[in-house]
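Each chain, written out:
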Amino acid sequence: MALLQSAPAAVRATGLPPGRRPGPAHWLPLLPLLATVLLLAAPLPAGDGLGSRGPAPADLASAALVLFVAFRLLRTRARPLTPAAALVLALPVAALALATVTAADPAAALPGLVRHLQVFVLVPAAVLLSLRDARDVRLLAAALVALAVVQGALGLHQYATATGASYMGENIRAVGTFGPTDVMGMATVVAYGLLAAAAIALLPPPNAPHWLRPAALALAAALAVPLALSFSRGAWIATAAAGTVVLALTGLRRAVKTLAVLAAAVVVLVGGLGAGSQLISERVGSITRVTEAPDRSVTDRYAMWAAAGSMWRQSPATGVGLKGFPAHRDGHASIGLSSAADTAGAGFAFRHQPLLSPHNMYLLILSEQGLIGLTAFAGGWAAILTAGVVRLARLVRERRAPGRHGRRPATAGDCGLIAVALMLWQTVDFLYADIGGPSTVLTGVVLGLAAWWALAPAAGATGVAGAAVTGREATTAA
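Remember, it's a predicted structure, so these values are computed and weren't measured experimentally.

1. Re the packing of aromatic side chains
Counted under the stated rule, the structure contains nine aromatic pairs. Here the aromatic rings of Y192 and W425 are separated by 5.3 Å at their centres, their planes lie at 70°, and the arrangement is edge-to-face. You can see Y192 sitting in helix 8 (residues 183-202) and its partner W425 sitting in helix 16 (residues 413-429), a full 233 residues away along the chain. The pair formed by Y192 and W425 is uniform in burial state, with each residue classed as buried. Between the aromatic rings of Y302 and W305, the centroid separation amounts to 5.9 Å while the plane-to-plane angle is 55°, which identifies the pairing as tilted. In this pair, Y302 and W305 both sit in helix 13 (residues 296-314), three residues apart, roughly one turn of the helix. You can call Y302 partly exposed: its relative accessible area is 36%. Three or more aromatic residues joined by ring pairs make a cluster, and in this case those are F120, Y362, F377, W381 and F430. Above the ring of W453, the side-chain terminus of R391 is found at 5.5 Å from the ring centroid.

Encoded structure:
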């Protein structure tokens, strides 16, 4: 299947004639998408004594985004999805429907069906259809970085003033606005912003100002501090893995230089955190000691992983049904599993947080949806990631090689690097986390961005400095 489109189609995708700079009307269709991202910086609705809350503002914005895109498609009667994109988005729908109807209590599974459709189908499809060219992707990346800066700054304040979530007896864990019941929320947001900034520093847009690369690199190094203070081992591992891979994709020499600069900056910044540096060192060391002297959180995670595997063996094809893990947990878990985790701080009173998932997205799907569900979801993610890496590698090679008349080809390689980095982070992080909490909506945004880069025909044909490509530029880029 051809992934690149002709020049006239590329120009139509931008909605502008060649050479025309975008006006306010051009950005209007992006407002629901940008609101979905930026509203995660707003304080969350107050919950009751058990920590339950109403719909988060970002979730409401994502619903508006889906409705906006659906209305636009109905009005234009367009068929914008390629067969590959339609297949990747349709497979999870079929798997979710099967897991719902085969669940022991289909009515109880309906909330899980709605949430999974939102995160893995509707929001990604809406993002895929909202992004038209490199300008849109760069604006979305800027929104992710801005959100990371806001949440990261709040996390630093929480650490400095001991107003964060409880960790090792002190209220110093940086959690941003997400609270102690969603400790992965701030870590996820900051990791997204860090990787987006690093991608821009590694592969800046064509004709970007000279200050953009050092500014983006400095911002990525600064965001490493609140990420470290989140004390989230899963986020650290995912960020390191995604960063290493995208560095290698842009060239080994550049990778070595960038890693050296980032390492020096992190040492200088984290070294000034006092007692926090010791806690971070201990947390990093615990990653390699999980089989020798695991802490309670690791023991509970292993027990829940084993329970998820036992549920799958009970129903290999379809699993125990959506939202079935909590109901079947005690019947499959060992007696060493704690019933809840202790949470406190960041404006919340002490409470026991029930352990309702295995904290591994792949095992959650396997236990609740069986092999059919895991094949549909993981197969689609693997297809998106593979196609995205292939396209990115091709454009990076073209960017290095001189184009016609000595010019380098006009590509949107920076957009591809952002998409691949975020998708890599998500697939690795799913080994240590699953969906849950207000920040989950960003998972759908990342999947949509990665699908746009991997599967949308216009992704490889947008050109220099965000301008609509001309026929000559599209031919060179292709």
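From this point, the discussion proceeds with the structure in view.
2. Overview of helix 3 (residues 31-38)
For helix 3, every residue scored as buried is listed here: P32, L33, L34, T36 and V37. For helix 3, the secondary structure elements touched by its buried residues are helix 4 (57-76), helix 6 (106-130), helix 7 (134-161) and helix 17 (441-455).

3. Side note on the side chain of S357
Along the chain, S357 turns up in the loop between strand 4 (348-354) and helix 15 (361-400). Judged by relative accessible area, which is 14%, S357 ranks as buried. Looking at S357, its side chain comes within polar contact range of the side chain of D434, at 2.8 Å. Ignoring any residue separated from it by four or fewer positions in sequence, one finds S357 in contact with M304, F325 and D434.

Here is what the cut-offs are and how they apply
- Residues numbered from 1 in each chain as written.
- Predicted model: local features only at pLDDT ≥ 70, side-chain atom pairs only at ≥ 80, totals over all residues.
- Heavy atoms only, no water.
- Phe/Tyr/Trp six-rings, centres within 6.5 Å; stacked < 30°, edge-to-face > 60°.
- Helix = DSSP H or I, 4+ residues; strand = E, 2+ residues; numbered from the N terminus.
- Buried < 20%, exposed > 50% of the residue type's maximum accessible area, 1.4 Å probe, protein only.
- Lys NZ or Arg CZ within 6 Å of the ring centre and 35° of its normal.
- Contact = heavy atoms within 4.5 Å.
- Polar contact = N/O pair within 3.5 Å; in protein donor to acceptor, adjacent residues only side chain to side chain.

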